[in-house]
Amino acid sequence: MEAYLLDFTNMLLRWLHVIAAIAWIGESIYFVMLDNSLKTPQDESARKKGVFGEMWAVHGGGFYHNQKYATSPGKLPADLHWSFWKSYTTWLSGFALFALLYMTSPEVYLVNPNSSWEWAANMTGWQANIVALVFLLLGWVVYNELCKRISPNMDRDGILSLAVAVLMVVVAFLSTQLFSGRAAFLLTGAVMATAMSANVFFWIIPGQRRMVKAMEAGEEPNPLDGKRGKQRSVHNTYFTLPVVLLMLSNHYSFMYSHELSWVIMSLFIFAGALIRQFFVVMHTGKIQPAYPAAGVALILLSVWLAAPSSRPASDAMAATEGPTLGDVHAIVTERCVACHSQQPSQPGFSSAPAGVVYDTQEQLLRQITKTKQVVDSGYMPLGNMTNMTDEERDVIAAWSE
Ligand code: HEC
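Just so you know, these numbers come straight off a predicted model, no measurement behind them.

Asker: Describe the overall build of the chain, listing the residues and the values that go with them.
Answerer: Across its full length, the chain carries 17 helices and two strands. Considering only contacts in the chain between residues 6 or more positions apart, those separated by 24 or more positions represent 66%. The chain carries 27 positive and 30 negative side-chain charges, and their two centres are separated by 15 Å.

Asker: Residues and numbers for the pairing of strand β1 (residues 51–59), please.
Answerer: As defined by bridge partners, β1 adjoins strand β2 (residues 62–69) across eight bridges and the pair is classed as antiparallel. Looking across to β2, one finds that Val 58 is bridged to Phe 63. Linkage of β1 to β2, two consecutive antiparallel strands, is achieved through a turn of two residues, within which Gly 60 is found at a positive phi near 55°.

Asker: Explain the pattern of salt bridges to me, and be specific about the residues and the numbers.
Answerer: Any two side chains of opposite charge can pair, given that their charged atoms come close. For the structure on display, the rule yields twelve salt bridges. Salt-bridge contacts for Lys 68 lead to Asp 35; the nearest nitrogen and oxygen are separated by 2.9 Å. Taken together, the residues Lys 68 in strand β2 and Asp 35 in helix α1 (residues 2–37) connect sequence positions 33 residues apart. A residue is classified by how much of its surface remains accessible, and Asp 35, at 23% relative accessible area, is partly exposed. When the shortest N-O distance is used, the salt bridge between Lys 230 and Asp 35 registers 2.6 Å. Pair noted here: Lys 230 is in helix α9 (residues 223–248) and Asp 35 is in helix α1, with a separation of 195 residues, a long-range link.

Asker: Lay out the environment of Leu 160 in plain terms, naming residues and giving numbers.
Answerer: If you trace the backbone, Leu 160 turns up in helix α7 (residues 157–178). Residue Leu 160 is classed as buried on the basis of its relative accessible area of 0%. With 62 residues separating them along the chain, Leu 160 and Phe 98 place their C-alpha atoms 30 Å apart. For Leu 160, the contacting residues outside a window of four places in its chain are Leu 146, Cys 147, Ile 150, Ser 151, Gln 231 and His 235.

Asker: Go over the UniProt feature "transmembrane region" (unreviewed entry) in the chain, please, and point to the residues and values.
Answerer: According to UniProt, the feature "transmembrane region" (unreviewed entry) maps to residues 12–32, 88–105, 125–146, 158–179, 185–205, 237–254, 260–279 and 291–307 in the numbering used here. End-to-end, the C-alpha atoms of residues 125–146 are 32 Å apart, and along that stretch the chain is 100% helix and 0% strand.

Asker: Would you mind going over the coordination of the iron atom of the ligand in detail, with residue names and values included?
Answerer: Around the iron atom of the ligand, the protein contributes the donor atoms His 340 (NE2) and Met 380 (SD), at 2.0 to 2.2 Å from the metal centre. Because the angles between the six donor atoms bound to the iron atom of the ligand fall within 85 to 178°, the donor set is best described as octahedral. Of this pair, His 340 sits in the loop between α14 (325–335) and α15 (361–366) while Met 380 sits in the loop between α16 (368–376) and α17 (390–400), and the two are 40 residues apart along the sequence. Note on accessibility: His 340 and Met 380 belong to one class, buried.

Asker: Would you mind going over the packing of α16 against α17 in detail, with residue names and values included?
Answerer: Running from N to C, α16 and α17 point in directions that differ by 145°, and their axes come no closer than 10 Å. In this structure, α16 meets α17 at a crossing whose hand is left-handed. When α16 is examined against α17, the residues Ile 368, Lys 372, Val 375 and Asp 376 are found in contact with a partner set consisting of Arg 393, Ile 396, Ala 397, Trp 399 and Ser 400.

Asker: How would you explain the site of the ligand if you had to name every residue and give the values?
Answerer: Close contacts around the ligand come from 25 residues, with Cys 336, Cys 339, His 340, Tyr 379 and Met 380 the closest. Within the side chain of His 340, one N or O atom sits 2.7 Å away from a nitrogen atom of the ligand. Taking Lys 370, its side chain carries an N or O atom lying 3.3 Å from an oxygen atom of the ligand. Among the elements that take part in the shell around the ligand, α16 stands out by supplying four residues, more than any other. Its residues assigned to classes, the shell around the ligand shows 17 nonpolar, five polar and three charged. Composition of the shell around the ligand by domain shows at least three residues from each of domain 2 (88–305) and domain 3 (315–400).

Asker: Explain the environment of Thr 9 to me, using residue names and the numbers behind them.
Answerer: Relative to the assigned elements, Thr 9 resides in helix α1. Overall, the relative accessible area of 37% leaves Thr 9 in the partly exposed class. Between the alpha carbons of Thr 9 and Leu 97 there is a distance of 8.9 Å; along the sequence they are 88 residues apart.

Asker: Give a description of unusual backbone geometry that names residues and reports values.
Answerer: Look at the link from Met 380 to Pro 381: it is a cis peptide, with omega at -10°. Structurally, Pro 381 is set in the loop between α16 and α17. Its identity is not glycine, yet Met 154 carries a phi of approximately 60°, on the positive side. Summarising the element assignment, Met 154 is placed in the loop between α6 (125–150) and α7. A relative accessible area of 13% means that Met 154 is categorised as buried. Notably, Ala 354 is not glycine yet its phi reads approximately 60°, a positive angle. By the element assignment, Ala 354 lies in the loop between α14 and α15.

Asker: Help me get a handle on the nonpolar core, residues and values and all.
Answerer: By size, the foremost hydrophobic cluster in this structure holds 80 residues, and its most contacted members are Leu 110 and Phe 179. Counting residues per element, this core draws most heavily on helix α8 (residues 181–216), at 16 residues. Counting contributing residues per domain, this core is built from domain 2 (88–305) and domain 3 (315–400), each supplying no fewer than three.

Asker: Which residues make up α16, and what values go with them?
Answerer: All of the buried residues along α16 are Ile 368, Thr 371, Lys 372, Val 374, Val 375 and Asp 376. Each element contacted by the buried residues of α16 is listed here: α10 (253–256), α15 and α17. Gly 378 occupies a position one or two residues after α16 and carries a positive phi of about 85°.

Here is what the cut-offs are and how they apply
- Residues numbered from 1 in each chain as written.
- Predicted model: local features only at pLDDT ≥ 70, side-chain atom pairs only at ≥ 80, totals over all residues.
- Heavy atoms only, no water.
- Helix = DSSP H or I, 4+ residues; strand = E, 2+ residues; numbered from the N terminus.
- Contact = heavy atoms within 4.5 Å.
- Lys, Arg positive; Asp, Glu negative; His and termini not counted.
- Charge placed at Lys NZ, Arg CZ, Asp CG, Glu CD.
- Pairing = 2+ DSSP bridges.
- Salt bridge = Lys/Arg side-chain N within 4 Å of Asp/Glu carboxyl O.
- Buried < 20%, exposed > 50% of the residue type's maximum accessible area, 1.4 Å probe, protein only.
- UniProt positions renumbered as here; feature names shortened; annotations may be inferred.
- Donors = N, O, S within 2.8 Å, 3.2 Å for Na, K, Ca; no water.
- Tetrahedral: all angles 85-135°; square planar, octahedral: opposite > 155°, others 65-115°.
- Axes fitted to C-alpha atoms, helices over the stretch in contact; angles between N-to-C directions.
- Left-handed = near helix turned anticlockwise from the far one by under 90°.
- Near = heavy atom within 4 Å.
- Polar contact = N/O pair within 3.5 Å; in protein donor to acceptor, adjacent residues only side chain to side chain.
- Nonpolar A, V, L, I, M, F, W, Y, C, P; charged D, E, K, R; others polar.
- Domains from an automatic or database assignment.
- Core = buried A, V, L, I, M, F, W, Y, C linked by side-chain atoms within 4.5 Å.

If you want it as C-alpha coordinates, here you go:
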(Lines give C-alpha, C1' and ligand atoms only; values in the text may rest on other atoms or scores of the structure.)
Protein backbone atom coordinates (compact mmCIF):
# COMPACT_ATOMS: atom_id res chain seq x y z
CA MET A 1 0.00 0.00 0.00
CA GLU A 2 2.77 2.41 0.93
CA ALA A 3 4.66 1.71 -2.29
CA TYR A 4 1.44 2.25 -4.22
CA LEU A 5 0.82 5.63 -2.58
CA LEU A 6 4.43 6.64 -3.29
CA ASP A 7 3.97 5.68 -6.94
CA PHE A 8 0.79 7.69 -7.11
CA THR A 9 2.43 10.76 -5.54
CA ASN A 10 5.30 10.35 -7.95
CA MET A 11 2.86 10.34 -10.88
CA LEU A 12 1.03 13.47 -9.66
CA LEU A 13 4.29 15.33 -9.01
CA ARG A 14 5.59 14.38 -12.44
CA TRP A 15 2.39 15.66 -14.02
CA LEU A 16 2.77 18.99 -12.23
CA HIS A 17 6.47 19.16 -13.08
CA VAL A 18 5.96 18.55 -16.79
CA ILE A 19 3.07 21.04 -17.03
CA ALA A 20 4.98 23.76 -15.17
CA ALA A 21 8.06 23.12 -17.31
CA ILE A 22 6.02 23.33 -20.51
CA ALA A 23 4.53 26.65 -19.39
CA TRP A 24 7.88 28.06 -18.31
CA ILE A 25 9.96 26.89 -21.26
CA GLY A 26 7.17 27.82 -23.65
CA GLU A 27 7.12 31.34 -22.31
CA SER A 28 10.89 31.60 -22.34
CA ILE A 29 11.05 30.41 -25.97
CA TYR A 30 8.25 32.82 -26.84
CA PHE A 31 10.09 35.82 -25.40
CA VAL A 32 13.35 34.94 -27.18
CA MET A 33 11.36 34.70 -30.41
CA LEU A 34 9.64 38.02 -29.66
CA ASP A 35 12.88 39.80 -28.82
CA ASN A 36 14.63 38.58 -31.94
CA SER A 37 11.66 39.30 -34.22
CA LEU A 38 11.30 42.98 -33.26
CA LYS A 39 11.27 45.48 -36.13
CA THR A 40 11.70 49.26 -35.90
CA PRO A 41 8.19 50.70 -35.48
CA GLN A 42 6.63 52.25 -38.59
CA ASP A 43 4.75 54.75 -36.54
CA GLU A 44 6.75 57.86 -35.68
CA SER A 45 4.78 58.58 -32.51
CA ALA A 46 5.69 55.15 -31.14
CA ARG A 47 9.39 55.86 -31.78
CA LYS A 48 9.00 59.20 -29.98
CA LYS A 49 7.54 57.39 -26.97
CA GLY A 50 10.75 55.33 -26.78
CA VAL A 51 9.56 52.16 -28.53
CA PHE A 52 12.50 50.71 -30.43
CA GLY A 53 10.98 47.48 -31.67
CA GLU A 54 7.58 45.97 -32.35
CA MET A 55 6.05 42.76 -33.59
CA TRP A 56 2.65 42.12 -35.08
CA ALA A 57 1.19 38.66 -34.71
CA VAL A 58 -2.01 36.80 -35.35
CA HIS A 59 -2.93 34.00 -32.97
CA GLY A 60 -6.08 32.26 -31.79
CA GLY A 61 -8.30 34.38 -34.00
CA GLY A 62 -6.95 37.75 -32.90
CA PHE A 63 -4.28 40.31 -33.78
CA TYR A 64 -1.55 41.27 -31.33
CA HIS A 65 0.83 44.20 -31.31
CA ASN A 66 3.88 43.89 -29.03
CA GLN A 67 6.18 46.83 -28.41
CA LYS A 68 9.53 46.87 -26.64
CA TYR A 69 10.95 50.02 -25.06
CA ALA A 70 14.63 50.81 -25.50
CA THR A 71 15.05 51.69 -21.83
CA SER A 72 11.96 52.38 -19.80
CA PRO A 73 8.49 53.51 -20.77
CA GLY A 74 7.63 57.01 -19.63
CA LYS A 75 5.12 55.72 -17.14
CA LEU A 76 4.78 52.20 -15.72
CA PRO A 77 1.32 50.63 -15.79
CA ALA A 78 -0.03 49.49 -12.43
CA ASP A 79 -0.71 45.95 -13.67
CA LEU A 80 2.70 44.95 -15.00
CA HIS A 81 2.80 41.21 -15.77
CA TRP A 82 5.64 39.30 -14.09
CA SER A 83 6.76 35.74 -14.80
CA PHE A 84 8.44 33.72 -12.13
CA TRP A 85 6.07 31.17 -10.60
CA LYS A 86 6.30 28.87 -13.60
CA SER A 87 10.04 28.68 -13.09
CA TYR A 88 9.85 28.19 -9.32
CA THR A 89 7.09 25.57 -9.62
CA THR A 90 9.16 23.64 -12.14
CA TRP A 91 12.18 23.60 -9.86
CA LEU A 92 10.26 22.83 -6.67
CA SER A 93 8.25 19.97 -8.20
CA GLY A 94 11.40 18.62 -9.85
CA PHE A 95 13.29 18.68 -6.60
CA ALA A 96 10.37 17.02 -4.79
CA LEU A 97 10.36 14.26 -7.42
CA PHE A 98 14.09 13.75 -7.02
CA ALA A 99 13.74 13.57 -3.25
CA LEU A 100 10.83 11.14 -3.46
CA LEU A 101 12.30 8.87 -6.08
CA TYR A 102 16.03 8.92 -5.53
CA MET A 103 16.68 10.14 -2.02
CA THR A 104 14.32 7.64 -0.40
CA SER A 105 16.33 4.69 -1.84
CA PRO A 106 19.75 6.20 -2.51
CA GLU A 107 21.62 2.89 -2.25
CA VAL A 108 19.54 1.61 -5.17
CA TYR A 109 19.20 4.71 -7.31
CA LEU A 110 22.12 7.03 -6.52
CA VAL A 111 25.16 4.93 -5.64
CA ASN A 112 27.23 3.77 -8.60
CA PRO A 113 28.69 0.37 -7.63
CA ASN A 114 30.69 0.36 -10.89
CA SER A 115 32.38 3.69 -10.25
CA SER A 116 36.11 3.77 -10.92
CA TRP A 117 36.45 5.76 -7.70
CA GLU A 118 36.37 3.28 -4.89
CA TRP A 119 35.05 5.70 -2.26
CA ALA A 120 32.18 6.64 -4.57
CA ALA A 121 31.34 2.99 -5.25
CA ASN A 122 31.24 2.37 -1.50
CA MET A 123 29.17 5.37 -0.44
CA THR A 124 26.34 4.65 1.95
CA GLY A 125 22.86 5.84 1.06
CA TRP A 126 22.90 8.95 3.18
CA GLN A 127 26.38 9.88 2.00
CA ALA A 128 25.14 9.64 -1.58
CA ASN A 129 22.19 11.89 -0.71
CA ILE A 130 24.51 14.52 0.73
CA VAL A 131 26.91 14.29 -2.21
CA ALA A 132 23.96 14.75 -4.57
CA LEU A 133 22.77 17.88 -2.75
CA VAL A 134 26.29 19.34 -2.63
CA PHE A 135 26.68 18.53 -6.32
CA LEU A 136 23.56 20.52 -7.19
CA LEU A 137 24.56 23.44 -5.01
CA LEU A 138 28.17 23.55 -6.25
CA GLY A 139 26.97 23.41 -9.85
CA TRP A 140 25.11 26.67 -9.33
CA VAL A 141 27.88 28.31 -7.28
CA VAL A 142 30.57 27.57 -9.88
CA TYR A 143 28.36 28.63 -12.81
CA ASN A 144 27.39 31.85 -11.03
CA GLU A 145 31.01 32.66 -10.17
CA LEU A 146 32.04 32.10 -13.80
CA CYS A 147 29.39 34.58 -14.94
CA LYS A 148 30.37 37.14 -12.32
CA ARG A 149 34.11 36.91 -12.87
CA ILE A 150 34.39 36.39 -16.60
CA SER A 151 31.74 38.78 -17.82
CA PRO A 152 30.63 41.09 -14.99
CA ASN A 153 29.65 43.85 -17.41
CA MET A 154 28.19 41.47 -19.96
CA ASP A 155 30.91 42.37 -22.46
CA ARG A 156 32.74 39.04 -22.57
CA ASP A 157 29.76 36.76 -23.01
CA GLY A 158 31.47 34.76 -25.78
CA ILE A 159 34.28 33.61 -23.50
CA LEU A 160 31.73 33.01 -20.77
CA SER A 161 29.74 30.69 -23.02
CA LEU A 162 32.87 28.67 -23.69
CA ALA A 163 33.61 28.44 -19.97
CA VAL A 164 30.04 27.28 -19.27
CA ALA A 165 30.39 24.65 -22.01
CA VAL A 166 33.58 23.32 -20.39
CA LEU A 167 31.86 23.38 -17.00
CA MET A 168 29.04 21.22 -18.36
CA VAL A 169 31.50 18.60 -19.63
CA VAL A 170 33.12 18.53 -16.18
CA VAL A 171 29.70 18.19 -14.54
CA ALA A 172 28.80 15.36 -16.92
CA PHE A 173 32.05 13.56 -16.18
CA LEU A 174 31.85 13.97 -12.40
CA SER A 175 28.22 12.93 -12.24
CA THR A 176 28.88 9.65 -14.05
CA GLN A 177 31.73 8.91 -11.63
CA LEU A 178 29.74 9.79 -8.54
CA PHE A 179 26.28 8.47 -9.34
CA SER A 180 24.64 5.53 -11.07
CA GLY A 181 23.85 6.08 -14.76
CA ARG A 182 20.27 7.21 -14.52
CA ALA A 183 20.96 9.53 -11.58
CA ALA A 184 24.05 10.95 -13.32
CA PHE A 185 22.02 12.07 -16.32
CA LEU A 186 19.24 13.38 -14.13
CA LEU A 187 21.61 15.31 -11.87
CA THR A 188 23.52 16.86 -14.77
CA GLY A 189 20.15 18.03 -16.11
CA ALA A 190 19.25 19.20 -12.62
CA VAL A 191 22.47 21.26 -12.36
CA MET A 192 21.43 23.10 -15.52
CA ALA A 193 17.81 23.37 -14.43
CA THR A 194 18.88 24.70 -11.03
CA ALA A 195 21.06 27.32 -12.73
CA MET A 196 18.05 28.29 -14.86
CA SER A 197 15.70 28.76 -11.91
CA ALA A 198 18.39 30.38 -9.78
CA ASN A 199 19.10 32.81 -12.63
CA VAL A 200 15.45 33.82 -12.42
CA PHE A 201 15.38 33.89 -8.62
CA PHE A 202 18.71 35.58 -7.83
CA TRP A 203 19.29 37.83 -10.83
CA ILE A 204 16.49 38.32 -13.33
CA ILE A 205 13.62 39.05 -10.92
CA PRO A 206 15.65 41.10 -8.36
CA GLY A 207 17.17 43.08 -11.26
CA GLN A 208 13.73 43.81 -12.65
CA ARG A 209 12.53 44.84 -9.20
CA ARG A 210 15.42 47.31 -8.93
CA MET A 211 14.57 48.65 -12.39
CA VAL A 212 10.92 49.16 -11.47
CA LYS A 213 11.86 50.76 -8.17
CA ALA A 214 14.23 53.21 -9.86
CA MET A 215 11.56 54.13 -12.38
CA GLU A 216 9.01 54.68 -9.66
CA ALA A 217 11.49 56.99 -7.93
CA GLY A 218 11.85 58.89 -11.20
CA GLU A 219 15.43 57.69 -11.74
CA GLU A 220 17.09 55.96 -14.67
CA PRO A 221 17.32 52.19 -14.01
CA ASN A 222 20.86 50.79 -13.91
CA PRO A 223 21.42 49.43 -17.44
CA LEU A 224 23.54 46.57 -16.02
CA ASP A 225 20.42 45.08 -14.42
CA GLY A 226 18.73 44.91 -17.80
CA LYS A 227 21.83 43.53 -19.51
CA ARG A 228 22.41 40.91 -16.83
CA GLY A 229 18.79 39.79 -17.00
CA LYS A 230 19.25 39.36 -20.73
CA GLN A 231 22.57 37.50 -20.32
CA ARG A 232 21.08 35.00 -17.89
CA SER A 233 17.91 34.49 -19.87
CA VAL A 234 20.00 33.83 -23.00
CA HIS A 235 21.88 31.15 -21.03
CA ASN A 236 18.54 29.71 -20.00
CA THR A 237 17.40 29.42 -23.58
CA TYR A 238 20.48 27.34 -24.51
CA PHE A 239 19.97 25.13 -21.47
CA THR A 240 16.37 24.24 -22.33
CA LEU A 241 16.89 21.60 -25.03
CA PRO A 242 19.69 19.76 -23.20
CA VAL A 243 17.78 19.80 -19.90
CA VAL A 244 14.65 18.32 -21.42
CA LEU A 245 16.68 15.60 -23.10
CA LEU A 246 18.55 14.70 -19.93
CA MET A 247 15.26 14.43 -18.04
CA LEU A 248 13.84 12.14 -20.72
CA SER A 249 17.03 10.06 -20.90
CA ASN A 250 15.75 8.21 -17.84
CA HIS A 251 13.73 5.98 -20.12
CA TYR A 252 16.66 5.02 -22.35
CA SER A 253 19.22 2.88 -20.62
CA PHE A 254 21.41 2.65 -23.73
CA MET A 255 22.33 6.29 -23.10
CA TYR A 256 23.32 6.16 -19.48
CA SER A 257 24.50 2.60 -18.99
CA HIS A 258 27.40 3.04 -21.43
CA GLU A 259 31.01 3.29 -20.18
CA LEU A 260 31.43 6.60 -21.98
CA SER A 261 28.07 7.92 -20.91
CA TRP A 262 29.62 11.26 -19.95
CA VAL A 263 30.81 11.74 -23.54
CA ILE A 264 27.40 10.78 -24.88
CA MET A 265 25.81 13.19 -22.42
CA SER A 266 28.17 16.03 -23.44
CA LEU A 267 27.49 15.41 -27.14
CA PHE A 268 23.77 15.70 -26.48
CA ILE A 269 24.20 18.88 -24.44
CA PHE A 270 26.08 20.55 -27.31
CA ALA A 271 23.70 19.17 -29.91
CA GLY A 272 20.76 20.66 -28.00
CA ALA A 273 22.43 24.06 -27.68
CA LEU A 274 23.36 24.10 -31.38
CA ILE A 275 19.84 23.21 -32.45
CA ARG A 276 18.48 25.93 -30.18
CA GLN A 277 20.96 28.37 -31.75
CA PHE A 278 19.41 27.71 -35.16
CA PHE A 279 15.99 28.85 -33.91
CA VAL A 280 17.36 31.85 -32.03
CA VAL A 281 19.08 33.07 -35.21
CA MET A 282 16.10 32.12 -37.35
CA HIS A 283 13.88 34.56 -35.44
CA THR A 284 16.17 37.38 -36.51
CA GLY A 285 15.39 36.38 -40.09
CA LYS A 286 18.56 34.40 -40.88
CA ILE A 287 18.58 30.73 -41.81
CA GLN A 288 21.86 29.06 -40.85
CA PRO A 289 21.56 25.31 -41.40
CA ALA A 290 25.16 24.77 -40.26
CA TYR A 291 24.00 24.86 -36.62
CA PRO A 292 21.44 22.04 -36.73
CA ALA A 293 23.74 20.15 -39.13
CA ALA A 294 26.51 20.28 -36.52
CA GLY A 295 23.96 19.29 -33.85
CA VAL A 296 22.80 16.30 -35.90
CA ALA A 297 26.43 15.31 -36.53
CA LEU A 298 27.01 15.20 -32.76
CA ILE A 299 23.87 13.11 -32.29
CA LEU A 300 25.05 10.69 -35.00
CA LEU A 301 28.41 10.46 -33.27
CA SER A 302 26.61 9.50 -30.06
CA VAL A 303 24.47 6.93 -31.91
CA TRP A 304 27.72 5.33 -33.03
CA LEU A 305 29.32 5.60 -29.59
CA ALA A 306 26.34 4.22 -27.68
CA ALA A 307 25.85 1.23 -30.00
CA PRO A 308 25.90 -1.93 -27.88
CA SER A 309 29.12 -3.89 -28.20
CA SER A 310 28.96 -7.63 -28.07
CA ARG A 311 30.74 -8.78 -24.97
CA PRO A 312 32.79 -11.88 -25.73
CA ALA A 313 31.87 -14.79 -23.52
CA SER A 314 34.80 -15.97 -21.42
CA ASP A 315 36.82 -18.98 -22.61
CA ALA A 316 35.52 -21.16 -19.81
CA MET A 317 32.03 -20.40 -21.06
CA ALA A 318 32.83 -21.19 -24.68
CA ALA A 319 34.34 -24.57 -23.76
CA THR A 320 31.21 -25.89 -22.06
CA GLU A 321 27.97 -26.89 -23.68
CA GLY A 322 25.84 -23.85 -24.49
CA PRO A 323 23.39 -22.80 -21.77
CA THR A 324 19.69 -23.36 -22.26
CA LEU A 325 16.75 -20.99 -21.91
CA GLY A 326 15.99 -22.80 -18.66
CA ASP A 327 19.47 -21.96 -17.28
CA VAL A 328 19.03 -18.31 -18.19
CA HIS A 329 15.56 -18.15 -16.69
CA ALA A 330 16.86 -19.71 -13.48
CA ILE A 331 19.45 -16.94 -13.19
CA VAL A 332 16.91 -14.24 -13.96
CA THR A 333 14.50 -15.73 -11.44
CA GLU A 334 17.16 -15.55 -8.77
CA ARG A 335 18.58 -12.11 -9.59
CA CYS A 336 15.78 -10.14 -11.19
CA VAL A 337 12.32 -11.41 -10.33
CA ALA A 338 12.27 -9.87 -6.85
CA CYS A 339 11.62 -6.60 -8.71
CA HIS A 340 10.62 -7.69 -12.22
CA SER A 341 7.49 -9.65 -11.44
CA GLN A 342 3.79 -9.09 -11.74
CA GLN A 343 3.90 -9.10 -7.93
CA PRO A 344 7.34 -7.87 -6.86
CA SER A 345 8.58 -9.14 -3.52
CA GLN A 346 11.21 -6.40 -3.21
CA PRO A 347 10.06 -3.81 -0.64
CA GLY A 348 9.27 -0.47 -2.23
CA PHE A 349 8.12 -1.96 -5.54
CA SER A 350 4.38 -2.16 -6.12
CA SER A 351 4.57 -3.04 -9.80
CA ALA A 352 7.19 -4.31 -12.23
CA PRO A 353 9.73 -1.51 -12.88
CA ALA A 354 9.70 -0.23 -16.47
CA GLY A 355 6.95 -2.82 -17.12
CA VAL A 356 9.60 -5.53 -17.45
CA VAL A 357 8.33 -8.88 -16.12
CA TYR A 358 10.31 -12.15 -16.04
CA ASP A 359 7.84 -14.50 -14.38
CA THR A 360 7.82 -16.93 -17.32
CA GLN A 361 10.37 -18.14 -19.89
CA GLU A 362 8.24 -16.64 -22.68
CA GLN A 363 8.41 -13.22 -21.06
CA LEU A 364 12.17 -13.55 -20.81
CA LEU A 365 12.46 -14.67 -24.43
CA ARG A 366 10.50 -11.69 -25.71
CA GLN A 367 12.86 -9.25 -24.00
CA ILE A 368 16.13 -11.09 -24.37
CA THR A 369 17.98 -8.42 -26.41
CA LYS A 370 17.27 -5.67 -23.93
CA THR A 371 17.95 -8.03 -21.05
CA LYS A 372 21.40 -8.83 -22.40
CA GLN A 373 22.14 -5.15 -22.90
CA VAL A 374 21.27 -4.06 -19.33
CA VAL A 375 23.07 -7.06 -17.83
CA ASP A 376 26.19 -6.55 -19.98
CA SER A 377 26.47 -2.92 -19.09
CA GLY A 378 26.11 -3.72 -15.39
CA TYR A 379 23.09 -1.44 -15.13
CA MET A 380 20.91 -4.31 -13.92
CA PRO A 381 20.31 -5.64 -11.35
CA LEU A 382 19.88 -2.12 -10.04
CA GLY A 383 22.79 -1.33 -7.73
CA ASN A 384 23.58 -5.07 -8.05
CA MET A 385 21.33 -5.51 -5.04
CA THR A 386 20.86 -9.18 -5.80
CA ASN A 387 24.63 -9.82 -6.21
CA MET A 388 24.71 -11.08 -9.75
CA THR A 389 28.08 -12.60 -10.68
CA ASP A 390 30.14 -12.02 -13.83
CA GLU A 391 29.75 -15.70 -14.71
CA GLU A 392 25.98 -15.30 -14.70
CA ARG A 393 26.30 -12.27 -16.95
CA ASP A 394 28.41 -14.38 -19.32
CA VAL A 395 25.77 -17.10 -19.41
CA ILE A 396 23.09 -14.60 -20.44
CA ALA A 397 25.41 -13.07 -23.07
CA ALA A 398 26.35 -16.49 -24.44
CA TRP A 399 22.78 -17.71 -24.64
CA SER A 400 21.40 -14.62 -26.32
CA GLU A 401 24.10 -14.88 -29.04
C1 HEC B 1 16.12 -3.82 -7.04
C2 HEC B 1 15.17 -3.97 -8.06
C3 HEC B 1 15.63 -4.45 -9.43
C4 HEC B 1 16.31 -5.61 -9.72
C5 HEC B 1 16.80 -6.67 -8.75
C6 HEC B 1 16.44 -5.63 -11.15
N7 HEC B 1 15.88 -4.52 -11.71
FE8 HEC B 1 15.68 -4.11 -13.68
N9 HEC B 1 14.82 -2.35 -13.26
C10 HEC B 1 14.58 -1.88 -11.98
C11 HEC B 1 14.08 -0.52 -12.08
C12 HEC B 1 13.68 0.38 -10.93
C13 HEC B 1 14.00 -0.22 -13.45
C14 HEC B 1 13.52 1.05 -14.07
C15 HEC B 1 14.71 1.92 -14.26
C16 HEC B 1 14.64 2.63 -15.54
O17 HEC B 1 13.58 3.09 -15.93
O18 HEC B 1 15.72 2.76 -16.15
C19 HEC B 1 14.46 -1.40 -14.15
C20 HEC B 1 14.51 -1.49 -15.53
C21 HEC B 1 14.89 -2.62 -16.21
C22 HEC B 1 14.83 -2.78 -17.64
C23 HEC B 1 14.33 -1.74 -18.63
C24 HEC B 1 15.44 -0.81 -18.96
C25 HEC B 1 15.03 0.12 -20.08
O26 HEC B 1 15.90 0.50 -20.82
O27 HEC B 1 13.85 0.46 -20.15
C28 HEC B 1 15.30 -4.02 -17.93
C29 HEC B 1 15.41 -4.64 -19.31
C30 HEC B 1 15.67 -4.62 -16.68
N31 HEC B 1 15.40 -3.75 -15.66
C32 HEC B 1 16.22 -5.87 -16.57
C33 HEC B 1 16.65 -6.42 -15.37
C34 HEC B 1 17.35 -7.68 -15.28
C35 HEC B 1 17.70 -8.56 -16.45
C36 HEC B 1 17.60 -7.89 -13.96
C37 HEC B 1 18.31 -9.06 -13.33
C38 HEC B 1 19.61 -9.36 -13.86
C39 HEC B 1 17.03 -6.77 -13.22
N40 HEC B 1 16.50 -5.90 -14.13
C41 HEC B 1 17.07 -6.65 -11.85
C42 HEC B 1 14.75 -2.56 -10.80
C43 HEC B 1 15.38 -3.77 -10.68
